[in-house]
Each structure stands twice: as C-alpha cells, then as structure tokens.
Amino acid sequence: MTKNNIKHYRGIKVKFLTTTNCLEPRIELIDERFNQSKTINYNYIGELVVVQAIDYLIKHGFNVVGYFEMKNEYIVFCDNWINGLN
C-alpha cells in the first residue's frame, strides 16, 4: 500500500460532558486541527452520544463516513473540509 491509496479524513472528537451543579449533560464536538469546538445539548430519550453527534454534523453539512470508539470518547470521520463547527 502506498500513501496515495490512503484517504485523508477530518476527525471530530466527541465527548460526553456529565451534569454539573449548573449545567445539564452535554455533548462536546472538537475539531483540534482547526481549533474549533461546539457544545450541544444531550437528549436523554434520544440515541447514543455518538449518534446524536453524527446527526448534528450531518444537519450542518458534514459528510460523515465513519467513527471510531475509544474508552471515553469517539472520533467521527468526515471527508469534507468546508464547514466549521461554529
């Protein structure tokens, strides 16, 4: 395999933020390459955290092609670069 066969994806980190004294639980989306982040409300009766994040990204023009699950967060892969999180 050569590097010409490897696709370059944009990775959006997804983290669940637990309830605090002042705030309800939320989902944080982080694009470290472009130094952007967006916090969205967590829907208790909705889908899993990663599914809620993917729904948000798709609604905002991101072309989601997959995701990777880690211990306490996810990385969602997109193949377009034009939209920002903010």
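Quick look at the structure, then. (Residues numbered from 1 in each chain as written. Predicted model: local features only at pLDDT ≥ 70, side-chain atom pairs only at ≥ 80, totals over all residues. Heavy atoms only, no water.)

## A short note on unusual backbone geometry
Our working definition: Secondary structure elements follow DSSP: runs of H or I no shorter than four residues count as helices, runs of E no shorter than two count as strands, and numbering proceeds from the N terminus. Three exposure classes are used, based on accessible area relative to the maximum for each residue type with a 1.4 Å probe and protein chains only: buried under 20%, partly exposed in between, and exposed over 50%.
One non-glycine residue, asparagine 35, lies in positive phi territory at about 55°. Locating asparagine 35 in the fold gives a position in the loop between strand 2 (26-31) and strand 3 (36-41). Among the residues examined, asparagine 35 registers a relative accessible area of 72% and is labelled exposed.

## Observations regarding the sheet that holds strand 4 (residues 64-69)
To be explicit about the condition: For two strands to pair, DSSP has to find at least two bridges joining them. The axes used here are C-alpha line fits, helices contributing only the stretch in contact, and every angle between their N-to-C directions lies in the interval 0 to 180 degrees. Should any heavy atoms of two residues lie within 4.5 Å, those residues are considered in contact.
Read across the open sheet, the 5 strands follow the order 3-2-1-5-4; overall the sheet is antiparallel. The two strands at the open ends of the sheet, each matched to only one other strand, are strand 3 and strand 4. With strand direction ignored, the average angle separating the axes of adjacent strands in the sheet is 25°. With 5 bridges connecting them, strand 4 and strand 5 (residues 73-78) associate as antiparallel partners. Across the sheet, residue valine 64 finds its bridge partner in strand 5, namely cysteine 78. Packed on one face of the sheet, helix 1 (residues 49-59) meets strand 1 (10-17), strand 2, strand 3, strand 4 and strand 5 and runs near 60° to strand 2.

Any functional reading would require information that these geometric values do not contain.
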